[in-house]
Amino acid sequence: MEDFLKSIMLGLASGGIYSLVAVSYVIIYKATRIFAFSQAGMLVIGSYTMWQCLIVWSLPIWLSILISLAIGAAVALIIERACMRPLIGQPILAPIVVTLGVMLFFRGIALLFWHGEVRGYGESFLPLGSWNIGFLNLPKIQVYGFIICMIVIAVLISFYKYTRTGLGMRVVHEDHLVAQNLGINVKRIFKYSWVFSCSVAVIGGMLLGNIQGVGVDLDYNGLIAIAAVLFGGLESFGGAVIAGLLIGIVQIFAIQYLGVLLPGEITMLVPFVFLLLILLIKPYGLFGLVRIERL
Amino acid sequence: MTINVDRPCGTFDRNYYQAMEIFRTHLRKFLMIAFIAVMYALAFIVDDYIISILIVFCAFSVGMTGLQIITGYAGQISLGHAAFMGVGMYTMAIFQEHLGFNFWMALPLAGLAPMIIGMLFGIPAVRIKGLYLAFASLAAHFVIVYTINNWRSVTNGTDGMYLHRPGKLLGIDFMVDKYYYILVLTVTIIMIYFAKNLIRTKLGRSFVAVRDNDIAAEVMGINIAATKVLAFGIGCFYAGIAGAIGGGYYEYVNVEWFTLTDSIWYLGFLVVGGLGSIFGGIAGAVVWKTLDELSTLVTPITEALLGGMAFYASAAFSLVIYSLIVIVMLVLEPRGINHRWQIIKRSYRLHPFPY
Amino acid sequence: MAVDIRNVAKKREQRYSYGLTLLRDCIERDRDLPREEDIFKKVILKVEDITISFGGLTALSDVNLELKEGELLAIIGPNGAGKTTLLNVISGFYRPQKGNIYFQDKRITHYSSHRIAAMGICRTFQNIALYTGLSVIDNIIAGRHPHIKYNFLNGMLYFPWARREEARQRAIAEDIVDFLEMEHVRNTTVGMLSYGLRKRAELGRALALEPRILLLDEPMAGMNLDEKEDIARFIIDIHEFLRIPIVMIEHDMGVVMDIADRIAVLDFGVKIGDGTPEEISKNPKVVSAYLGSTGE
Amino acid sequence: MKGSITQETWAKLMPQEGYDTFPKLMRRNHWQWGEKKVAYRYKDFGIWQELTWEDNYAHIKALAGGLASLGFEAGDRIAICGENAPEWFFGQLAAQSLGGISVGLYTDATPKELQYIIAHSEAKIVLVDDQEQVDKILSIREEIPKVETLIYWIAKGMWSYDDPWLIGFDDMMERGKEYDRDHPDFFDRSIDSQDGDNIAVLLYTSGTTGLPKGSMVTYNNLLSIFQGWDEALPWKEEDENLSFLPPAWIGEQIFTVAPNLAKSIVVNFIEKAETIQSDLREVGPKVILFGARQWEMVCSEIQSKMIDSPWWKKSVYHLFLPVGYRVARFQEEGQRIPWYWKALRFISYWCVFRALQDKIGLRKTRTPITAGAALSPDNLKLLRAIGVPIAQGYGATEVSGLDTVQMQKDYYRPEGSGEPFPGVEVRITDEDEILLGGVGVVHGYYKMPDETKKAFRSGYFHTGDGGYMDDKGELYIVDRVKDMQTLKNGDRFSPTYIEGRLKFSPYIKDCMVVGNNRESVVAIINMDYENTGRWAERNHVAYTSHQDLSQKKEVRELLGDIVGKVNGVLPEKQRVTRFVVLHKDFDPDEAELTRTRKLRRDFMEKRYDKLIQGLYDGQDKVEMETTVTYRDGRQATWKIDIFVQSLEG
């Protein structure tokens, strides 16, 4: 029973990151109806820029966070302006392939500038060590990470609900033409959603870098988050968050209980098998909209 | 009046067979035969390095034609195409090593295995509209990579397996690269001929119907889910065959050869080549593989420039340059080289009229 | 006079025939045709108190409808009365919450729509569902999908079987193009055709499916006088010459009154009238629904 | 009757003894070729179906049997009205093999016209193609009592007609086969019973003035004219020909039926009126006879497409076009082309003109001929420039069709109409009216002795066309003698000449020049709605309908400077001073044009009299009220004002 609780705690911690990345996917899908694989690449960029500011230039924490977010936002604007806008009218395939291309581009950049070695933040970002509450010992990094994730998600959801641009984003999601008729500048909404999504991904990258260490393989974690997005339903934030946490827990359980049976390293395998199961059972996900075809 | 572009003045059809011919005039028939003859003649003219490039061209053309059927014609996105190519190689190796099949027996099986696996993965994704097949194929990629890495007894894990080319057949020794190239070329031509006919016939039309307007397809009595799964299956069959003949050249196969990046390049260069036409697929494969060859030439230069870190540099360079090419190509010419080629051909044939 | 499909005329050479010879041979071979005495008597399609609602909004409530052999049933009603929804239910796009549909006394309520189409219930759409990328003749050949007799394997091999079958299908498609007088636009892509010609092309595609009954969704909406005349002529030809029962949704009362055998009136999802054109024109409920209550 | 043609040319041209009628030639071809050679090829259901001489013979024999079973004997008339199709000519040859005469009718004739011709020619049987013609004939059934049966071959939509008066084509063939069984050699017997002097066809010319006159054309006329033509412009046996001009016109009989029978060339039938150009391109005929209107369509299509084509294609075209014009001018003056111009022509052929000819479908055409209305010289020069060796011809139905054609390929006069064929004699009277004599002169007009006497005097036919002969023996047609108009101050001018030049512009579809005994020349112009509409869109001129566009100021200025350019060529007093753009096109259904699209001038002058008055007394806007009859008979009257554009100088 004890390690059951422990694994839930651990699952929640890593789940937090997945839900964060899942949310970044949802932001873009909600506004532009395109599934942006590039956000997986943003994790890599986010963690490396953080590492660059913190360790190499040894700036204070809050400054390096700001710089990373700024770089994330800048990259987002470039992607949106250069790649996404010309493809607005194109069939669904072109934007997706471009986002895949961007993901690999980030991986290439990471390899080029930082030679891809795995790096750690060491002490400077989040305190090491762990607390023991009763029989559980909770590593500080995981707990802080989880809390940060939840804060960021809360901020986002409240932004969508209560602010005007948030409302605008939800209208754009329903129908671009209607939004334009209502005087909403759809292009600006696209820009906002890309900036938000990338900054969320940068934060995710930092936290992930902290836990697993900064490296080029972080974009595989981004792919794992896809299972979360699908499970939660492509259009809903709440669904993405809950699904992210669940995936985290399922992953940890699988490692503890299944790890024994299946040889080799199954951290990558489990989420995708879970993804296939979701597609079989509930293709639209928990909270996804069942689309009715108007004939 | 709309001028029928692909018929010069004075050619009329006496029966529907003539009306449906692809190469209608004698000139076009002659050009096609001449092109094939040249490709065969190359085997005896060029040296072994070029032969290896040609074999890779042929193998990846077959693979790309398969992806063209899935994505170009049926409109489904597959992110696991390289993995299925790998499955083809490994099935070949397994049948040859463990069960002692010879090359000719193992080749069709190397196509059938990925076809069956592909259809299994395809079934969950096709029930609903949208890009769910992309996710299913992504999942398929990781599942396949995992099984190959960890099913040590059969696939002896990460240190790869050996493939064998066919032995002597009618006095031709396929161990010699030249003759193996001829074998690969023949298989490629047959596969492309099959693909071309597939598109012309009933199933090809239902692929296009599903891609363009699946309500209209439904109304025409086309079972949409079955068509999508079949398209995915046939595409994976092509990937399997491509893997088998490609692998046969190196006679060794390893997991590292088909990573997720390769699957993405498959899709990227398909779009660069041009969706919706067999020629587009082949063009994409040729562009991709020539870039590969160029990047291997580039590495000595980067070594000089960047000093020690050459290993990373060449991988990074290829990633950055390829992705830039794909992105720029997609933004500037979303319909690919083939579309540009069609416009030029049409403008030439319509000369001097504009339409 | 009820001219039955079988004995209209002896086998005439295609050039001197009444048109659609190849299609009639296919229909006679594939479908079980009505006997002479069944015309206007045997019910071929029965819609049994269908109710369907989309999250609170009931589009149809307890609709009963019958289509007899060789009958042209027109469905009229103000916009949003649920006419198109009824057609969608019949052709299997929507699942009704309550009620059943019987085609030739077989329950087909929950069949998938491509099976229903292959069985012979063919329909056209209000906003045309054609492949704007393909030419007219390709669209019609694509419509032949369920009746093309070779599997994809010898399709790939193409030469002996597939080639002959493709030529035969092309001949049937040409037969339809000749009947609908579209020879001059046979090879132009559908995207470049005028609205009237597109509607005709869609009618051709529905015909290519060898219909046992035809569901026409506003075939004459948005057309000028000439195009309306042509489409009306084709519909009458199909109905009288091929003896295909037709369910037609139409707003143009002039057309409905003179070519429909029976009229059903839908208003807010409820059937408020069913009968011959004369009865309907005098039915008080229909008049009030259309012209607004006369306020006495 | 012989006139100045020597005895032995006359004998040489006469058809050989045993083969002096169409049916006999048909039988010879059947015996000679049978299954080996294709006779007719028609496009149906998307592919070209072929009929060999064996099939032709069987069809004609069966149809002849059917006609005989209906009591059709020698001398009876059969009226045939329909689009060009093998069945049209089967009907003609079947009737002729029974000794009958075929009467050609135009498909777009109004029921009234059909009724007059059928009654006048006392046709016993009428053969039509589809439901539209059947309904027309049924509507005039009472006025044509002599007609016993009506045969149709396109049965679409006819299944509910069970009138015994109507018979389908295949039913006729069945009756014919039964008739053939019980009278075994009726076919050969009736064919042998005729000779060259029998009347072959009765062709009604819809003259621009008065009622149509039916000229009785004999086999000798047709075959000898064709023989003369064959000597001048030889036909080869593997030639292909596209039949789309109405068979009721003499040109089609000479150009399609005679060569098919005499030299067994292959005749291709178009699928539908709208698919002429694509069918022409598919067939790529070796010899083609177009009316002037079809050539004008080809020229305006080339020009309008070249206007829209991208810059590099346009520059190649405009780079090599002067080479073509220069070479054409060499040919015009009859000089030898110097070698470097020949080299330039070779280059220009391979760069532009070969592709251009391929697109309009005339790449394989050896002898393209224009006849009927005169083709304006600019069109002719353009066609010559792009390498289409067009030859102008002139003729009259009363002299069995084409009589003079420009025969040498490398020497031609743009305004000329060619030298006379061997066996045709041309003479010019002092009021420069053209007289035609020789082998082609027909017996006269059917049942119109006084008209015959008036037109055929001393073996020559008075054409009523004004013209003159130059020293090289080339005939020049100026205009109808009646139409040559004189201004008040005595100057003579030819309205058709001015109209021809105006119609050369892609923006003018049709026009009528008025000026007979008035102070100056004015014009009523029909703009080409399609091209002008495209021009308007390019120049951001908003318009809604044909009528609205026609009254736009910008359109009037555009047409103004086109008329100005044409005026530049005309002598001072003959220039067009003022013109109006009509709100609608001239329409044959309102009897403004004849069947072959020629202007009915006096009728038009009466109809647009208010407009012409407005032009002359200087108003700048004329209020018009016209009634329009729709195809289904409904009438609508419109009140619109037409703006007048005057040209300075």
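Everything numeric in this text was worked out from a predicted model, so none of it was measured.

Rules used throughout
Residues numbered from 1 in each chain as written. Chains lettered and ligands numbered in written order. Predicted model: local features only at pLDDT ≥ 70, side-chain atom pairs only at ≥ 80, totals over all residues. Heavy atoms only, no water. Helix = DSSP H or I, 4+ residues; strand = E, 2+ residues; numbered from the N terminus. Rg over C-alpha atoms; globule rule 2.2 N^0.38 Å. Buried < 20%, exposed > 50% of the residue type's maximum accessible area, 1.4 Å probe, protein only. Contact = heavy atoms within 4.5 Å. Areas by Shrake-Rupley, 256 points an atom, 1.4 Å probe, with all protein chains shown as cover. Lys, Arg positive; Asp, Glu negative; His and termini not counted. Charge placed at Lys NZ, Arg CZ, Asp CG, Glu CD. Pairing = 2+ DSSP bridges. Axes fitted to C-alpha atoms, helices over the stretch in contact; angles between N-to-C directions. Salt bridge = Lys/Arg side-chain N within 4 Å of Asp/Glu carboxyl O. Phe/Tyr/Trp six-rings, centres within 6.5 Å; stacked < 30°, edge-to-face > 60°. Lys NZ or Arg CZ within 6 Å of the ring centre and 35° of its normal. Core = buried A, V, L, I, M, F, W, Y, C linked by side-chain atoms within 4.5 Å. Domains from an automatic or database assignment. Buried area = accessible area lost by both parts, 1.4 Å probe. Polar contact = N/O pair within 3.5 Å; in protein donor to acceptor, adjacent residues only side chain to side chain. Nonpolar A, V, L, I, M, F, W, Y, C, P; charged D, E, K, R; others polar. Patch = residues over 30% accessible without salt bridge, like charges linked within 9 Å, V, L, I, M, F, W, Y side chains within 5 Å. Expected span 1.5 Å × (residues − 1).

Caption draft 1: Focus on the overall build of chain A. The helix and strand inventory of chain A stands at 11 helices and 2 strands. The secondary structure elements of chain A, listed N-terminal to C-terminal, are α-α-α-α-β-β-α-α-α-α-α-α-α. Against the compact-globule benchmark of 19 Å for 295 residues, chain A has a radius of gyration of 19 Å, which places it among compact chains. Scored against the burial criterion, the 295 residues of chain A give a buried share of 56%. Across chain A, contacts joining residues at least 24 apart in sequence account for 75% of those joining residues at least 6 apart. Surface accessibility of chain A: about 12,000 Å² in total, with carbon and sulfur atoms responsible for 71%. In chain A, 17 positive and 12 negative side-chain charges are present, and the distance between their average locations comes to 13 Å.

Caption draft 2: View of the sheet that holds strand 10 (residues 270–275) of chain C. Residue and element names in this part refer to chain C. The 6 strands are arranged 6-7-8-3-9-10 in an open sheet whose pairing can be described as mixed. Of all strands in the sheet, those with a lone pairing partner are strand 6 (121–123) and strand 10, marking the two edges. Each strand of the sheet is rotated relative to its neighbour by a mean of 20°, with strand direction disregarded. As paired strands, strand 9 (residues 262–267) and strand 10 are joined by 5 bridges and run antiparallel to one another. Residue pairing across strands places Val265 opposite Gly273, the latter belonging to strand 10. The strands that helix 2 (residues 83–90) touches are strand 3 (72–76), strand 6, strand 7 (213–217), strand 8 (246–249) and strand 9; relative to strand 7, the one it contacts most, it runs at about 145°. Along the sheet, helix 8 (residues 225–241) contacts strand 3, strand 7 and strand 8; its crossing angle with strand 8, the most-contacted strand, is approximately 155°.

Caption draft 3: Spotlight on the side chain of Glu296(D). Residues and elements named next belong to chain D. Within the secondary structure, Glu296 sits in helix 12 (residues 292–308). Buried and unpaired, Glu296 has no salt bridge, with Arg293 as the nearest side chain of opposite charge at 4.3 Å. Beyond its immediate chain neighbours, meaning those up to four positions away, Glu296 contacts Leu375, Asn379 and Lys503.

Caption draft 4: Spotlight on the packing of aromatic side chains. According to the stated counting rule, one finds 62 aromatic pairs over all chains in the structure shown. Summarising the aromatic geometry, the rings of Phe269(B) and Tyr322(B) are spaced 5.8 Å apart at their centres and angled 90° between planes, so their arrangement reads as edge-to-face. Placement of the pair is Phe269(B) in helix 12 (residues 260–273) and Tyr322(B) in helix 14 (residues 310–332), with a sequence separation of 53 residues. Summarising the burial analysis for this pair, Phe269(B) and Tyr322(B) share the class buried. Aromatic pair Phe226(D) and Trp235(D): ring centres 6.0 Å apart, planes at 50°, arrangement tilted. Residue Phe226(D) is classed as buried on the basis of its relative accessible area, which comes to 1%. Since its relative accessible area comes to 5%, Trp235(D) is described here as buried. The structure contains a cluster of three or more aromatic residues connected by ring pairs, namely Phe60(B), Trp265(B), Tyr266(B), Phe269(B), Trp288(B) and Tyr322(B). For the cation-ring pair, Arg115(C) lies above Tyr111(C), with the distance from its terminal atom to the ring centre recorded as 3.9 Å.

Caption draft 5: Region of interest: the pairing of strand 24 (residues 508–514) of chain D. Where burial is concerned, most of strand 24 of chain D is hidden: 6 out of the 7 residues are buried. Count of turn residues in the strand 24 of chain D/strand 25 (residues 521–527) of chain D antiparallel hairpin: 6 residues, of which Asn517(D) carries a positive phi of about 35°.

Caption draft 6: Structural view of the nonpolar core. All names here are of chain D. Ranked by size, the top nonpolar core spans 212 residues in total, and within it Leu67 and Ile386 carry the most contacts. Per element, the largest residue contribution to this core is 8 residues, and it comes from helix 3 (residues 53–69). Taken together, domain 1 (22–194 + 237–273) and domain 2 (286–482) each give at least three residues to this core, which thus spans both.

Caption draft 7: Representation of the interface of chain B and chain D. In this assembly, 21 residues from chain B lie in contact with 32 residues from chain D. With both sides pooled, the region where chain B packs onto chain D buries about 2,500 Å², and carbon together with sulfur makes up 60% of that total. For the pair chain B and chain D, the interface holds 1 salt bridge. With a shortest N-O distance of 2.5 Å, Glu50(D) and Arg14(B) are connected by a salt bridge. Along the contact surface separating chain B from chain D lie 9 residue pairs in polar contact (both at pLDDT 80 or more). At 3 residues, the largest contribution of residues to the side of chain B that touches chain D is made by helix 15 (residues 336–350) of chain B. Along the lines of polarity and charge, the residues of the side of chain B that touches chain D split into 11 nonpolar, 6 polar and 4 charged.

Caption draft 8: Quick look at the side chain of Arg31(C). Residue and element names in this part refer to chain C. Within the secondary structure layout, Arg31 lies in the loop between helix 1 (21–30) and strand 1 (43–54). Salt bridges are absent for the buried Arg31, whose nearest opposite-charge side chain, Glu210, sits at 4.9 Å. Polar side-chain contacts of Arg31 include one of 3.4 Å to the backbone oxygen of Leu209. Reaching out from Arg31, the side chain makes a polar contact with the backbone oxygen of Glu210 at a distance of 3.0 Å. Aside from chain neighbours lying at most four places away, what touches Arg31 is Cys26, Ala118, Met119, Gly120, His147, Leu209, Glu210 and Arg212.

Caption draft 9: Geometry of a nonpolar patch on the surface. Residue and element names in this part refer to chain A. On the surface, a cluster of nonpolar side chains totalling about 580 Å² of accessible area is made up of Phe4, Tyr257, Leu258, Val260, Leu261 and Leu262. In terms of residues, the nonpolar patch owes the most to one element, helix 10 (residues 237–261), which gives 4 residues. Structurally, Leu261 can be placed in helix 10.

Caption draft 10: Structural view of a positive patch on the surface. Residues and elements named next belong to chain A. A cluster of like positive charges, contributed by Arg81, Arg164, Lys187, Arg188 and Lys191, occupies part of the molecular surface. Ranked by the residues each element gives to the positive patch, the list is headed by helix 8 (residues 186–212), at 3 residues. With respect to the helices and strands, the residue Arg164 is situated in helix 6 (residues 164–174).

Caption draft 11: Focus on the domain arrangement of chain D. Residues and elements named next belong to chain D. Split by domain assignment, chain D resolves into domain 1 (22–194 + 237–273), domain 2 (286–482) and domain 3 (484–646). Just the C-alpha atoms count here: the centres of domain 2 and domain 3 sit 26 Å apart. Carbon and sulfur atoms supply 50% of the area buried between domain 2 and domain 3, which totals about 1,500 Å² over both sides. Three residues stand out in domain 2 for area buried against domain 3, namely Arg293, Asp378 and Asp479, and they jointly supply 33% of the buried area on that side. The tally of links between domain 2 and domain 3 comes to 2 salt bridges. As a salt-bridge pair, Arg538 and Asp308 come within 3.2 Å of each other at their nearest N and O atoms. Counting the contacts that link domain 2 with domain 3 gives 1 residue pair in polar contact (both at pLDDT 80 or more). Among the elements of the structure, helix 12, helix 15 (377–385) and strand 21 (475–480) are those that each provide at least two residues to the side of domain 2 that touches domain 3. Among the elements that line the side of domain 2 that touches domain 3, the one with the most residues is helix 12, at 6 residues. A breakdown of the residues in the side of domain 2 that touches domain 3 according to their chemical character gives 5 nonpolar, 4 polar and 7 charged.

Caption draft 12: Structural context of the pattern of salt bridges. The final tally for this structure, using the stated rule, is 63 salt bridges over all chains. Of the charged contacts, one joins Asp219(A) and Arg107(A) as a salt bridge, the two residues approaching to 3.0 Å between their closest N and O atoms. Linking Asp219(A) in helix 9 (residues 218–232) with Arg107(A) in helix 4 (residues 93–114), this pair joins segments that are 112 residues apart in sequence. Residue Asp219(A) shares its accessibility class with Arg107(A), and that shared class is buried. Across the pair Arg29(C) and Asp30(C) runs a salt bridge whose closest N-O atoms are separated by 3.5 Å.

Caption draft 13: Main features of helix 2 (residues 26–45) of chain B. The terminal C-alpha atoms of helix 2 of chain B lie 28 Å apart, and with 20 residues this matches the ideal 28 Å at 1.5 Å per residue to within 8%. Residues of helix 2 of chain B that are buried make contact with helix 3 (48–73), helix 8 (177–200) and helix 15 of chain B.

Caption draft 14: Spatial organisation of the interface of chain B and chain A. Counting residues at the interface gives 41 residues for chain B, matched by 47 residues for chain A. Approximately 4,000 Å² of surface area, both sides summed, lies buried where chain B meets chain A, with 86% of it carried by carbon and sulfur atoms. At the surface where chain B touches chain A, the tally comes to 0 residue pairs in polar contact (both at pLDDT 80 or more). Among the elements that take part in the side of chain B that touches chain A, helix 14 of chain B stands out by supplying 11 residues, more than any other. Residue composition of the side of chain B that touches chain A, grouped by class: 34 nonpolar, 5 polar and 2 charged.

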